[in-house]
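Report on the structure
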Amino acid sequence: MTAAKNNFKILVTGGAGYIGSHAVLALKDAGWTPVVIDNLTTGFRWAVPDDVIFVEGDIEDSALVAQIIAQQNIGAIMHFAGSIIVPESVENPLKYYHNNTVKSRALIESAVNGGVKHFIFSSTAATYGVPEESPVREDTPTLPINPYGLSKLMTEYMLRDVAAAHDLTIVRCVISTWQARIHRRGPDNPPQEPPI
Ligand SMILES: NC(=O)c1ccc[n+]([C@@H]2O[C@H](COP(=O)([O-])OP(=O)(O)OC[C@H]3O[C@@H](n4cnc5c(N)ncnc54)[C@H](O)[C@@H]3O)[C@@H](O)[C@H]2O)c1
């Protein structure tokens, strides 16, 4: 993103969760202004700093998301909200296709309707299934082997198609957890090297 950092705010979905809350800290460190939406199903209100605007709500609530985008001058969305437990996704696939895929569709639509220009999606290595090469590359075939991975891959497909049809720039991230850990820091907790 090349816009001046104070020109717009960044909506962080799932910003009270593990990775989202660290993204909020990283954004603050980098001079951006994050705004969090989280329904607190697995997240924690305390994980969001007091000086960050926090909205308790669901990404599927299009009226609420539209209000946030307009009132907070949201120019980018970082999308972390979702369900992430692989065995649960096998036992209850519809929960995953709803929370990860259907609700992401609603969020993407809100982004397009609200004129948001940048969308960063926290995807997962589970989209690759059991890849034949390691480390995986950007063009490694995606062959998920569980509903969690497929529910995220379908969101990637939606974003690909929406980016081609609308003025929306997409970034797909496959995040590893050490990247999150190094941002939970303060004076007594300096940045650490990632584990091997
Ligand atoms: N943890 C990992 O190792 C890992 C690895 C790769 C990708 N990811 C992806 O990163 C994202 C975040 O993972 P995490 O480990 O921080 O999980 P998490 O459960 O700690 O965080 C998810 C957050 O989203 C919120 N949420 C869930 N559904 C919501 C909804 N419909 N509306 C609003 N808020 C909602 C939860 O309350 C929670 O705060 C997920 O999309 C996951 O697929 C995680």
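What counts, and where the lines are drawn
Residues numbered from 1 in each chain as written. Predicted model: local features only at pLDDT ≥ 70, side-chain atom pairs only at ≥ 80, totals over all residues. pLDDT = per-residue confidence, 0-100. Contact = placed C-beta atoms within 7 Å. Near = placed C-beta within 6 Å. Helix = DSSP H or I, 4+ residues; strand = E, 2+ residues; numbered from the N terminus. Axes fitted to C-alpha atoms, helices over the stretch in contact; angles between N-to-C directions. Parallel < 35°, antiparallel > 145°, perpendicular 65-115°, else oblique. Left-handed = near helix turned anticlockwise from the far one by under 90°. Nonpolar A, V, L, I, M, F, W, Y, C, P; charged D, E, K, R; others polar. Pairing = 2+ DSSP bridges. Buried ≥ 20, exposed ≤ 12 C-beta atoms within 10 Å, placed from the backbone. Expected span 1.5 Å × (residues − 1). Core = buried A, V, L, I, M, F, W, Y, C linked by C-beta atoms within 7 Å. Arc of directions from axis to C-beta.

Turning our eyes to something else, we now look at the confidence of the model for the chain. Here the chain averages 89 in pLDDT, and 86% of its residues register 70 or above. Low pLDDT, under 50, characterises residues 178–183; the stretch is placed with 12 contacts to residues that sit more than four places away or in other chains. A low-confidence stretch, residues 185–196 (pLDDT under 50), is modelled with nine contacts involving residues beyond four sequence positions or located in other chains.

The subject of this paragraph is the site of the ligand. Within the structure, the ligand sits among 28 residues, and Gly14, Gly17, Tyr18, Gly43 and Gly82 are positioned closest to it. Elements with a minimum of two residues in the shell around the ligand: α1 (18–29), β2 (34–38) and α4 (93–113).

Moving on, we get to the packing of helix α2 (residues 62–71) against α4. Where α2 meets α4, the closest approach of the two axes is 10 Å, and the angle between their N-to-C directions is 40 degrees. Put simply, α2 runs oblique to α4. Here α2 and α4 pass one another in a crossing that is right-handed. Two secondary-structure elements touch here, α2 through Ser62, Val65, Ala66 and Ile69 and α4 through Ala106, Leu107, Glu109, Ser110 and Asn113. In terms of residue class, the contact of α2 with α4 is made up of five nonpolar, three polar and one charged.

Adjacent strands of a sheet form backbone hydrogen bonds with each other and so pair up, either parallel or antiparallel. Strand order in the open sheet formed by six strands is β3-β2-β1-β4-β5-β6, with parallel pairing between adjacent strands. This sheet does not close on itself; its edge strands, each paired only once, are β3 (53–56) and β6 (169–174). Strand-to-strand twist of the sheet, defined as the mean angle between neighbouring strand axes without regard to direction, takes the value 20 degrees. The sheet contacts of α2 involve β1 (9–13), β2, β3 and β4 (74–79), and relative to β2 the element is tilted by about 175 degrees.

Further remarks concern the pairing of β4. In terms of burial, β4 is a largely internal element, five of the six residues being buried. Looking at chain direction, β4 and strand β5 (residues 118–123) are connected through four bridges and run parallel. Each bridged residue has a counterpart across the sheet, and for Ala76 the counterpart in β5 is His118.

Our next topic: helix α5 (residues 147–165). With 19 residues, α5 should cover 27 Å at 1.5 Å per step; its first-to-last C-alpha distance of 27 Å lies within 8% of that length. Pro147, Tyr148, Gly149, Leu150, Ser151, Lys152, Leu153, Thr155 and Leu159 are the residues of α5 that are buried. Those residues of α5 that are buried lie in contact with α3 (86–91), α4, β5 and β6.

With that settled, consider the nonpolar core. Counting 33 residues, the largest nonpolar core has Leu11, Val12, Val36, Ile74 and Ile77 as its most contacted members. Those elements that provide at least two residues to this core are β1, α1, β2, α2, β4, α4 and β5. Looking at this core element by element, the count peaks at five residues for α1. Excluding anything up to four places from it in sequence, Ile77 contacts Leu11, Thr13, Ala111, Val116 and Phe119.

Looking now at α2. The set of residues buried in α2 consists of Val65, Ile68 and Ile69. Down the axis of α2, the buried set is contained in an arc of 100 degrees. They therefore lie on one face. When the buried face of α2 is taken as reference, the exposed residues oriented beyond 90 degrees from it are Ala63, Ala70 and Gln71. Buried residues along α2 sit against β1, β2, β3, β4 and α4. Phi for Asn73, located one or two positions after α2, is positive at around 55 degrees.

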